[in-house]
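Descriptive analysis of the structure
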Amino acid sequence: MTSPPPALSVRDLVVTFPRDGGTVEAVSGVSFDVPRGQTLGIVGESGCGKSLTSLALLRLVPPPGVMTASRIALAGRELTGLPEREMRALRGAKIAMVFQEPMTSLNPVYTAGQQIAEAIRLHEPVSRRDARTRAVELLRRVGIPSPELRIDAYPHQLSGGMRQRVMIAMALACGPDVLVADEPTTALDVTIQAQILDLLRRLQGELGMSVVLVTHDLGVVAEMAQQVVVMYAGRVVESGPVREVFDAPLHPYTRGLLGSVPPIGRPRGGPHERPARLPTIEGIVPSLGSLPSGCAFRDRCAFAEPRCASEAPLAVELRAGHASRCHLAERWVA
Ligand SMILES: Nc1ncnc2c1ncn2[C@@H]1O[C@H](COP(=O)(O)OP(=O)(O)O)[C@@H](O)[C@H]1O
Ligand SMILES: [Mg+2]
């Protein structure tokens, strides 16, 4: 018996930008699978290529960026060769995206209801009136009180949390199979963050969606995701089941990230608690034009050896489904 294909399968995703007459790779050979109905978290410091990876999944990399991949498949359906017209039909209907900053992604001159109705009518031949009725239902579904009144509010009349709920309602308008959420709670305060995450989790359960959740917050991944991909300098340096990766990390970068994260399971969202930040690892993410030779992490790594400078490590699966891109990975296997 063959198992059904994953909800989303990505292989060898590369995003380049022109620089100084040549190109630099902002995303460098990223591969992962999102099992059906599960959440895959993508983590890493700012500048690691998380947003470009998520945009590339919907073929929305901003020019002059160029993306290539050997596979981007939705439930086994290959998207890489699709003409833009077909891709546009899939976007929103099969794979949808929620961005970090709802104020920049919502159009200020249209009401919440108009924008959700538009998202529906883009993909389905429904009347304005029916689209509006569905928009009210969607607003109710994402927990907006008195949706029949709020539907006529403009974005600036809504709080940040409410705007993010409207964005989620828009993303859900056509019942996508895969939702890509890029730092969906980063711009929100901690209490609202927790509410939005609860909402996403509830909707995922109700709708059976698969989710790609991009965040710099490992605590969020621990709570929300079953699978995790750790990115550094455009590469996946470690990937696997969340519990395994967090309990027994196989890459020094992941170990560093986990170093000062609050213990998993600690209640979050207290009034004075700051969101879990990535702990400081010595040094900074190198700029794309000046990556070190060999392992991109080596100049920040306490364990670097000569071969780390001469040879780029390959991703090696050291436990079932748990891979690390480190020459010394075997050393970390307990
Ligand atoms: N429009 C762009 N033009 C040139 N380089 C870009 C552009 N967008 C992103 N980059 C490069 O790609 C890197 C990764 O960006 P991004 O995916 O936004 O990182 P993250 O979301 O992990 O913070 C950035 O550090 C930057 O060097
Ligand atoms: Mg980003």
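The preceding data block contains the structure.
Residues numbered from 1 in each chain as written. Chains lettered and ligands numbered in written order. Predicted model: local features only at pLDDT ≥ 70, side-chain atom pairs only at ≥ 80, totals over all residues. Heavy atoms only, no water.

Let's talk about the side chain of R325
Here R325 lies in the loop between β13 (322-324) and α13 (329-332). D12 provides the closest opposite charge to the buried, salt-bridge-free R325, at an N-O distance of 7.8 Å. Within polar-contact distance, the side chain of R325 engages the backbone oxygen of V236 at 2.9 Å. Here R325 is in contact with R235, V236, V237, H251, P313, L314 and A315, once residues within four sequence places are set aside. (Helix = DSSP H or I, 4+ residues; strand = E, 2+ residues; numbered from the N terminus. Buried < 20%, exposed > 50% of the residue type's maximum accessible area, 1.4 Å probe, protein only. Lys, Arg positive; Asp, Glu negative; His and termini not counted. Salt bridge = Lys/Arg side-chain N within 4 Å of Asp/Glu carboxyl O. Polar contact = N/O pair within 3.5 Å; in protein donor to acceptor, adjacent residues only side chain to side chain. Contact = heavy atoms within 4.5 Å.)

Some thoughts on the side chain of S210
Within the secondary structure, S210 is located in strand β9 (residues 210-214). The exposure class assigned to S210 is buried, which follows from its relative accessible area of 2%. Beyond its immediate stretch of four places on either side in the chain, S210 contacts A7, V34, P35, R36, G37, Q38, D177, V178, L179 and Q204.

A few points about the nonpolar core
In terms of nonpolar packing, the biggest core is built from 57 residues, with L8, F32, L57, Y232 and Y253 touching the most fellow members. Examining the composition of this core, we find that 6 residues originate from one element, strand β2 (residues 22-34), more than from any other. Once residues within four sequence positions are removed from consideration, L8 is found in contact with F32, D33, V34, L57, I72, A73, L74, V178 and V212. (Core = buried A, V, L, I, M, F, W, Y, C linked by side-chain atoms within 4.5 Å.)

With respect to the site of ligand 1
Taken together, F17, R19, A26, E45, S46, G47, C48, G49, K50, S51, L52 and L288 are the residues near ligand 1. Within the backbone of G47, one N or O atom sits 2.7 Å away from an oxygen atom of ligand 1. Within the contact set of ligand 1, an oxygen atom lies 2.8 Å away from a backbone nitrogen or oxygen of S51. In isolation ligand 1 offers 570 Å² of accessible surface; the protein chains occlude 66% of this area. Elements with a minimum of two residues in the shell around ligand 1: β1 (8-19) and α1 (50-57). Per-element accounting of the shell around ligand 1 gives the leading share, 3 residues, to α1. Class assignment for the residues of the shell around ligand 1 results in 5 nonpolar, 4 polar and 3 charged. (Near = heavy atom within 4 Å. Areas by Shrake-Rupley, 256 points an atom, 1.4 Å probe, with all protein chains shown as cover. Nonpolar A, V, L, I, M, F, W, Y, C, P; charged D, E, K, R; others polar.)

What about the pattern of salt bridges?
Oppositely charged side chains are able to pair whenever their charged atoms sit close together. Counting across every chain of the model gives 15 salt bridges. A salt bridge links E84 to R59; its shortest N-O distance comes to 3.6 Å. Residue E84 is located in helix α2 (residues 84-90), and its partner R59 is located in the loop between α1 and β4 (66-68); the two are separated by 25 residues in the primary sequence. Under the relative-accessibility criterion, E84 is labelled partly exposed at 32%. Here E305 and R331 are joined by a salt bridge, their closest N and O atoms 2.8 Å apart. Here E305, found in the loop between α11 (252-258) and α12 (306-310), pairs with R331, found in helix α13; they are 26 residues apart in sequence, far enough to count as distant.

Some points on helix α5 (residues 128-141)
Counted at 1.5 Å a residue, the expected span for α5 with its 14 residues is 20 Å, and the 20 Å between its end C-alpha atoms agrees. What α5 keeps buried is the set A131, A135, V136, L138 and L139. All buried residues of α5 fall inside an arc of 165 degrees around its axis, so they share one side. Looking at the buried side of α5, the elements it contacts are α4 (112-123), α6 (147-150) and α7 (160-172). G143 lies just past α5 and shows a positive phi near 80 degrees. (Expected span 1.5 Å × (residues − 1). Arc of directions from axis to C-beta.)

A look at the environment of R141
Counting through the fold element by element, R141 comes out in helix α5. The exposure class assigned to R141 is partly exposed, which follows from its relative accessible area of 35%. When near neighbours in sequence (up to four residues on either side) are disregarded, R141 contacts L199, R202, L203, E206 and L207.

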